[in-house]
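# Commentary on secondary and tertiary structure
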Amino acid sequence: MKNMLKIFFTLCLLTVCSMQIFSQSGYKNPILRGFNPDPSICRVNDDFYMVTSSFEYFPGLPIYHSKDLVNWQQIGHCLTRDSQLPLYKAPASGGLFAPSLRYHDGLFYVICTNVSGGGNFFCTATDPAGPWSEPTWVDIKSIDPDIFWDEDGKTYFVTQGDEGIRVTEVDLKTGKVIGSEHLVWGGIGGRFPEAPHIYKKDGFYYLLLGEGGTEYMHSATIGRSKNLLGPYESCPLNPILTHANRIGQGNPIQGVGHADLVQANDGSWWMVFLGFRVTQVYSYYHILGRETFLAPVDWPKGGWPQVNGNGTVSLGMNVPTLPLHPFKKAPVRTNFDEEKLDFDWQYLRNPIRENYSLTERKGHLRVSASPYTLNETEAVSFVARRQTEHDFRAETLLEFESSAENEEAGITLIQNNTHHYDLFLKKVKGQHIVQLRVQVGSLSYIAAEKVLKGNKVRFIIEGAPQQYSFFCSETENGDYNELGKLDTRYLSTEVAGGFTGVMIGLYASSNGKVSKAKAYYDWFDYRVKE
């Protein structure tokens, strides 16, 4: 009897535990953290794939994979070759705008616009991890393209024009335009109707778009029609997603919009969209760039989609999810001991490849100084990763082989070529000196400096919502000196402008002269404060 009771209570305990495990719901927004705007998503069987904008950074258009819509892992980039992505002298926030990712008849398609060279194009791949084809260029001047295959076998580009959304038939074999562009819907009256996606459901063509500009008045709206070319009826719930209202005014997430919809295998509908996290509630500054968020959607048959009940979202989403499949956490340290840099790392514009090496000195990233500075729209000697949280700590160990003055190497927090904070090592009158430089628009000055004994230094940057703190040390693990604190707001989008977010970069520059200077980075740590 005692054994039976013991078994009974054990089974009850196991049942309760299993109910707790399987009844757990919820996830944290954003699902792609740091500069990852303009998300577009597709599903193939049980797998989800997503692409985001990358602007002037190379490689272009990161591709992500998920099994559950909550946990994502980058698997590659769409554009990895110079022939695919010309970014010569692309200005800050130039380059690649608003991609779409679609799957049709065994092929993945990425459709995008290079505003700095070439215009609209699409690439294809049988595997979203790549390799992807060379671009097929499409001579349509409006931007933010998506692709739509109708039931009659015809293919259409759906794009943003100044006055609204256009639909144009194209020949996918050649990229040639067939017939004229058709203006089909101008949205509900918000400025910059953009980011169009068309879905066929329950006999209707649904047209989803962003309105209000990719700022605090951003939103997602939707219309529908029995005919692809309209007229489109506006959803009575419009905007179906926005924080530009009283409900959203105190939300730490702002600027939500530029959305895409996907249906999971279980029949549930979900929306991915961009937004940004402000540095504090009711703050008008954001530094991380526009990120990717997720919300559940109720979309009844023959009805309209309703996003998360009231068209708003939160950082903590207490809603049921698909069965979760988390990926292994990325390591804090990059040891630079692989043949290639991880997908996290990107260059500004097309890199001059001989300026970088992971093999010249084992376990080090070598960056050769170029004449270009971080202030120029050139192929600077620079490689960077996203700042993904307000609270973080970044460190690196640098040895700088330099024989001339005016050569420098170090670590930078960069929003664009006119707004960055640089912590670097250089020679001045034969001495090795660390300097902390502020570049904010036309204002440039040295905020602090410290003389070192040699050419090896450890740099540390600690981030918080309101300020960055900068440190250096002449030993790898010993004490370090604080050089200064700088306000985060001057690297915010509100001050610097543009469409990107703060990147943490390693660089070397000879400031206008031909040089043989080399920077050797032993490791790089990026630690998020919990």
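Residues numbered from 1 in each chain as written. Predicted model: local features only at pLDDT ≥ 70, side-chain atom pairs only at ≥ 80, totals over all residues. Heavy atoms only, no water.

As named in an unreviewed UniProt entry, the protein is Beta-xylosidase C-terminal Concanavalin A-like domain-containing protein, taken from Dysgonomonas gadei ATCC BAA-286.

## Details of the side chain of Asn355
Inspection of the secondary structure assignment puts Asn355 in the loop between strand E26 (346–348) and strand E27 (356–357). With a relative accessible area of 12%, Asn355 lands in the buried category. Discounting residues that sit within four places of it in the chain, Asn355 has contacts with Arg366, Val367, Ser368, Ser370 and Ser381. (Helix = DSSP H or I, 4+ residues; strand = E, 2+ residues; numbered from the N terminus. Buried < 20%, exposed > 50% of the residue type's maximum accessible area, 1.4 Å probe, protein only. Contact = heavy atoms within 4.5 Å.)

## A closer look at the sheet that holds strand E6 (residues 73–79)
Adjacent strands of a sheet form backbone hydrogen bonds with each other and so pair up, either parallel or antiparallel. Overall, antiparallel pairing links the 4 strands, which are arranged E2-E3-E5-E6 in an open sheet. Single-partner strands in this sheet number two, and they are strand E2 (40–44) and E6. Adjacent strand axes in the sheet meet at a mean angle of 25° when their direction is disregarded. Strand direction decides the pairing type here: strand E5 (residues 60–66) and E6, joined by 5 bridges, are antiparallel. (Pairing = 2+ DSSP bridges. Axes fitted to C-alpha atoms, helices over the stretch in contact; angles between N-to-C directions.)

## Side note on the domain arrangement of the protein
Interfaces are often sized by the accessible area lost when the parts come together. Split into domains, the protein comes out as domain 1 (26–320) and domain 2 (333–528). Distance from the C-alpha centre of domain 1 to the C-alpha centre of domain 2: 33 Å. Contacts between the two partners involve 43 residues from domain 1, matched on the other side by 38 residues from domain 2. With both sides pooled, the region where domain 1 packs onto domain 2 buries about 3300 Å², and carbon together with sulfur makes up 52% of that total. Between Glu378 and Lys89 there is a salt bridge whose closest N-O contact spans 2.3 Å. Across the domain 1-domain 2 interface, the total number found is 19 residue pairs in polar contact (both at pLDDT 80 or more). At the level of secondary structure, the elements contributing two or more residues to the side of domain 1 that touches domain 2 comprise strand E4 (57–58), E5 and E6. (Domains from an automatic or database assignment. Buried area = accessible area lost by both parts, 1.4 Å probe. Salt bridge = Lys/Arg side-chain N within 4 Å of Asp/Glu carboxyl O. Polar contact = N/O pair within 3.5 Å; in protein donor to acceptor, adjacent residues only side chain to side chain.)

## Some words on the UniProt feature "active site" (unreviewed entry) in the protein
Here, the residues flagged by UniProt with the feature "active site" (unreviewed entry) are Asp38 and Glu194. In sequence the annotated residues extend across 157 residues, while in space they remain close, none of their C-alpha pairs exceeding 10.7 Å. Looking at the element boundaries, Asp38 is found in the loop between strand E1 (27–28) and E2. Other than its neighbours up to four places away in sequence, Asp38 contacts Val51, Thr52, Ser53, Phe55, Ala98, Pro99, His258, Leu274 and Arg290. Within the local environment of Asp38, its side chain forms a polar contact with the side chain of Ser53, the two groups lying 2.6 Å apart. Among the structural elements, Glu194 can be located in strand E15 (residues 194–201). Look at Glu194 and you get buried, because its relative accessible area is 12%. Those residues in contact with Glu194 that sit more than four places away from it in its chain are Asp144, Gln160, Ile165, Leu209, Gly210, Gly213, Thr214 and His218. (UniProt positions renumbered as here; feature names shortened; annotations may be inferred.)

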